[in-house]
Amino acid sequence: MIVELFIPCFVDQLYPDTAFNTVKVLEKAGCVVNYNPAQTCCGQPAFNAGFWDDAKAVGSKFLNDFPEDSVIVSPSASCTGMVRNYYNDLFTNTTSHNKCRNIQSNIYELSDFLVNILQVDYFGAELEGRAVYHDSCAGLRECKIKEEPRKLLSKVLGLELVDLKDGETCCGFGGTFAVKFDAISTAMAQQKVYNAIDAKADYIISTDASCLLHMQGYINKNNLPIKTIHIADVLAHGWGNV
């Protein structure tokens, strides 16, 4: 299968290795991966901040950057959820209406695509340690992803996946929420991280780099013995014996 790769801003600027690992995982699953270097943002930051005209301009570029009849895969439930759900507010009954609907029906978050479309859940990955999975708000509520990441992680050799208390609670990032309400945001990250530590986890794994960035910031500031890691990085880890 030929797929178009959409790399969100957070991944592009802060976690480029996650982008490369996404390509490795998709190729190992048998895909031919196309990447349009002219791609930019999906428009989510402007949309969430209330600047809908700006979000529409950025979203229009997104719609033009990707073929409407191609499968688009992204290592971000947040950006996938933006396109799937909130482009309705920007492009319904516009000249881009039909193109928007086609792209909305063809964009997938990585774990959703691997498990439900390709029906591949084993990559020969190895990662020693104990981990919890963080359900991002966008993954759980916007993309309806819950079992897919856990199915993939259950096949990682050496990884023990354990339950996270209040696992469906927000980590506190929420885009501009973390800036406007920093005290509340930090307290939410604290709760999430300490719940993971109480579970004796070595890793917090998620589908969203923004959640991981937020929690890792709290971890680094407080020198805590735990690490965040994107699911794409887990799936591409330890292939030496395969």
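As annotated in an unreviewed UniProt entry, the protein chain carries the name (Fe-S)-binding protein and comes from Mucilaginibacter gilvus.

Caption draft 1: The arrangement of the environment of Phe91 in detail. Tracing the chain through its elements places Phe91 in helix α5 (residues 77-91). Classification of Phe91 as buried rests on a relative accessible area of 1%. Through-space distance from the C-alpha of Phe91 to that of Gly59 is 8.9 Å; in sequence the pair is 32 residues apart. Those residues in contact with Phe91, other than ones at most four positions away along the chain, are Lys56, Gly59, Ser60, Leu63, Ser96, His97 and Cys100.

Caption draft 2: Region of the structure containing the nonpolar core. Core analysis: the biggest nonpolar cluster contains 35 residues, and Leu26, Leu114 and Ile205 have the highest contact counts within it. Of all elements in the fold, only β1 (2-5), α2 (16-28), β3 (71-74), α7 (110-117), β5 (126-133), α9 (147-153), β7 (203-206) and α13 (231-235) reach the threshold of two or more residues within this core. Split by domain, the residues of this core number at least three in each of domain 1 (2-117) and domain 2 (126-236). Among residues more than four places away in sequence, those in contact with Ile205 are Ala131, Val132, Tyr133, His134, Leu153, Leu159, Leu212, Ile229, His230, Ile231 and Val234. Within the second largest apolar cluster, 19 residues are counted, among which are Ala201, Cys211, Met215 and Ile226.

Caption draft 3: Just the packing of helix α11 (residues 182-198) against helix α12 (residues 209-221), in detail. Here α11 crosses α12 at 80 degrees, and the two axes come no closer than 9 Å. Considering the angle they form, α11 stands roughly perpendicular to α12. Here α11 contributes Ser185, Thr186, Ala189, Gln190, Lys192, Val193 and Tyr194 to the contact with α12, which in turn contributes His214, Met215, Tyr218 and Ile219. Grouping the amino acids of the contact of α11 with α12 by side-chain chemistry returns 6 nonpolar, 4 polar and 1 charged.

Caption draft 4: The arrangement of the sheet that holds β1 in detail. Pairing within the open sheet is parallel, and its 4 strands lie in the order β2-β1-β3-β4. Each edge of the open sheet is held by one strand with a lone partner, namely β2 (32-34) and β4 (107-109). Mean inter-strand twist for the sheet, computed between neighbouring axes without regard to direction, equals 35 degrees. In the sheet, β1 pairs with β3 via 3 bridges, with the strands oriented parallel. Bridged to Val3 within β3 is Val71. On top of the sheet, α7 reaches β1, β3 and β4; it is set at about 100 degrees to β4, its chief contact.

Caption draft 5: Up close: the domain arrangement of the protein chain. We note that the domain assignment places domain 1 (2-117) and domain 2 (126-236) within the protein chain. The C-alpha centroid of domain 2 is placed 22 Å from the C-alpha centroid of domain 1. At the junction of the two partners, domain 1 supplies 26 residues and domain 2 supplies 22 residues. Summed over both sides, the interface of domain 1 with domain 2 buries roughly 1900 Å², with 66% coming from carbon and sulfur. One can count 0 salt bridges joining domain 1 with domain 2.

Caption draft 6: Spatial organisation of the side chain of Thr207. The residue Thr207 is located in the loop between β7 and α12 in this model. When its relative accessible area of 0% is taken as the criterion, Thr207 is described as buried. Only 2.9 Å separates the side chain of Thr207 from the side chain of Asp208, close enough to count as a polar contact.

Caption draft 7: The arrangement of the pattern of salt bridges in detail. Applying the stated criterion to the full structure yields 7 salt bridges. A salt bridge links Lys61 to Asp65; its shortest N-O distance comes to 2.7 Å. Of this pair, Lys61 and Asp65 are both found in helix α4 (residues 52-65), 4 residues apart, which corresponds to roughly one turn of the helix. With relative accessibility at 14%, the residue Asp65 sits in the buried group. The network of salt bridges with shared partners includes Asp135, Lys146, Arg150 and Glu168.

Caption draft 8: Expanded view of the environment of Ile229. Assignment of secondary structure puts Ile229 in strand β8 (residues 227-230). The sequence separation of Ile229 and Ala131 amounts to 98 residues, and the corresponding C-alpha distance is 9.8 Å. Apart from residues lying up to four places away in sequence, Ile229 is in contact with Leu127, Tyr203, Ile204, Ile205, Ser206, Leu212 and Val234.

Rules of the game
- Residues numbered from 1 in each chain as written.
- Predicted model: local features only at pLDDT ≥ 70, side-chain atom pairs only at ≥ 80, totals over all residues.
- Heavy atoms only, no water.
- Helix = DSSP H or I, 4+ residues; strand = E, 2+ residues; numbered from the N terminus.
- Buried < 20%, exposed > 50% of the residue type's maximum accessible area, 1.4 Å probe, protein only.
- Contact = heavy atoms within 4.5 Å.
- Core = buried A, V, L, I, M, F, W, Y, C linked by side-chain atoms within 4.5 Å.
- Domains from an automatic or database assignment.
- Axes fitted to C-alpha atoms, helices over the stretch in contact; angles between N-to-C directions.
- Parallel < 35°, antiparallel > 145°, perpendicular 65-115°, else oblique.
- Nonpolar A, V, L, I, M, F, W, Y, C, P; charged D, E, K, R; others polar.
- Pairing = 2+ DSSP bridges.
- Buried area = accessible area lost by both parts, 1.4 Å probe.
- Salt bridge = Lys/Arg side-chain N within 4 Å of Asp/Glu carboxyl O.
- Polar contact = N/O pair within 3.5 Å; in protein donor to acceptor, adjacent residues only side chain to side chain.

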